Amino acid sequence: MTVKVCDALCGAGKTQGCIHMMNNDTEHKYIFITPYLDEVERIKKDCANRHFVSPERNFKNKYSKLEDLHSLLREGMNIASTHALFAMSTEETKELIRSKDYILVLDEVMDLFQPSEIDGGDINLLVRNNIAQKEGDDIVWKDDEYTGSAFSELRLMSESKNLVDYDGRFFFWTVPIEIFKCFKGAYVLTYLFEHQLMRHYFDVNDIEYELIGTRKIGNHHEFCELKDMDRKRELRDKIHIVNSEKYNQIGNESFSLSSGWFERASKEPGKPKLEKLKNNLYNIFRHSKTDNDDKMWTTLNDYRNELRGKGYSSGFITFNKRATNDFANRHQLAYCLNVFMMPWMKNYLARIGAAEVNQDMYALSVLIQWIFRSAVRKGEEVWLYVPSKRMRYLLIEWLDNLAKGEDLKAIKFNAKKQNGTKAAAFNFKIANTTKRRNIKQ
């Protein structure tokens, strides 16, 4: 099986193309997995003739959603559900999927790795008592007679070999990648797939993939070969980037605003760098003169409280957020971070034989996903503060490539090169109007 990856920007008709395919392919059963609850309902509505259903928790019978999923799989129903439930898949889930020849549609790649709160001492206790054992990097549950609740989460993860021992002290869980091999066919709807963790995980697990695109035929979208897709899109007049030496100076170094930079800045007496960044953020948003619910900003979670301030605190959204449409009404944005893959993720990928990650394109993919949580996903203009020179450079180069239909082209940060953009510079000073002047500060 070759996974077909529809690699296209938000608004290119990926979901519409998928709906068209599922409505017309009545020979196969589908499982549609998405991070969005509203997308689950959309599939059930727009594919009404295919009778999609969603797993539910049955409190009367004490059924969990996973148990209901298994019941629906036994019945051979078309299913629409969420990433969270899919990530809980067990050996029973895999066998049921395999027996019914399902086709998977994965709307957006999943968070493959998640840190666990499990303590190394608990793992050692279970291993000493032959309740679990270590198999390479995996923690595997062995005691079928255990009925307690203290280690129920650990048991659920380890039964499918989803729990990884990184160094004896730090543990994380992974999506059971083998589940992809249980499907008769699979589609992934995402953007910049080749620079995301799932692509590297596919490679080391011998899962082949093919990039495809979308095209509009009449009044509907459908999947097509990548070469047949018109990828040109002009967003330089939609995404307005702060072009201010005063506000951007703090991010001029290649590793400014990285996790290491924040850690060092937080230990300085008086924390002057963090105070400077906070003042920049406050002034940027203050000049916008818009309501709090028009603002959206991010940084590393550990330093959120260091940067929060009056008039914008409630607009925080995690820097790698994918699974929400709740901020689609936000126009004033600030991305106070320089993204690099977490060292433990990078090291684990290297340990299992994955190719080296392109850190620049990985960072760009994270930034673009975050920006598209905002009003730009509806085709509206947004005003964006990106103090990191590296992140700003990558975004500007991507906007120019996108306008030429070359948006999948790899970009490498050049610290010495000064790039320009047709995306408008601005100063937030004109507010509550649909037309703003483009003024450099």
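Residues numbered from 1 in each chain as written. Predicted model: local features only at pLDDT ≥ 70, side-chain atom pairs only at ≥ 80, totals over all residues. Heavy atoms only, no water.

Caption draft 1: Representation of the pairing of strand β4 (residues 102-107) in the model. Counted residue by residue, β4 has six buried out of six residues, so it is predominantly covered. Two elements, strand β2 (residues 29-34) and β4, share five bridges in a ladder whose sense is parallel. Its bridge partner lying in β4, Lys-29 is registered against Tyr-102. As paired elements, β4 and strand β10 (residues 185-190) share five bridges and run parallel to each other. If you follow Val-105 over to β10, its bridge partner there is Tyr-187. (Buried < 20%, exposed > 50% of the residue type's maximum accessible area, 1.4 Å probe, protein only. Helix = DSSP H or I, 4+ residues; strand = E, 2+ residues; numbered from the N terminus. Pairing = 2+ DSSP bridges.)

Caption draft 2: Spotlight on the sheet that holds β4. An order of β3-β2-β4-β10-β1-β11-β12 is seen for the seven strands of this open sheet, with the pairing classed as mixed. Since the sheet does not close on itself, it has two edges, and those belong to β3 (79-82) and β12 (220-225), each with one partner. In this sheet, adjacent strand axes meet at a mean angle of 25° when their direction is disregarded. On the sheet, helix α1 (residues 14-24) packs against β1 (2-7), β2, β4, β10, β11 (208-217) and β12 and is oriented at approximately 90° with respect to β12. (Axes fitted to C-alpha atoms, helices over the stretch in contact; angles between N-to-C directions. Contact = heavy atoms within 4.5 Å.)

Caption draft 3: Representation of the pairing of strand β6 (residues 132-135) within the structure. In the sheet, β6 pairs with strand β7 (residues 138-141) via four bridges, with the strands oriented antiparallel. Along β7, the bridge assignment pairs Gln-133 with Val-140. Between the antiparallel neighbours β6 and β7 lie two residues, among them Gly-136 with a positive phi of about 65°.

Caption draft 4: The arrangement of helix α15 (residues 389-403) in detail. For α15, built from 15 residues, the straight-helix expectation of 21 Å at 1.5 Å per residue is met to within 8% by its first-to-last C-alpha distance of 21 Å. For α15, a buried count of 15 out of 15 residues is recorded, marking the element as mostly surrounded by other parts of the structure. Immediately downstream of α15, the backbone of Gly-405 shows phi near 80°, a positive value. (Expected span 1.5 Å × (residues − 1).)

Caption draft 5: Main features of unusual backbone geometry. For Asp-206, which is not glycine, the phi dihedral falls at a positive 55°. Checked against the element boundaries, Asp-206 lands in the loop between α8 (197-204) and β11. Judged by its relative accessible area of 66%, Asp-206 is exposed. The phi dihedral of Leu-257 is positive, around 70°, even though this residue is not glycine.

Don't take any of this as a statement about function, it's just geometry.
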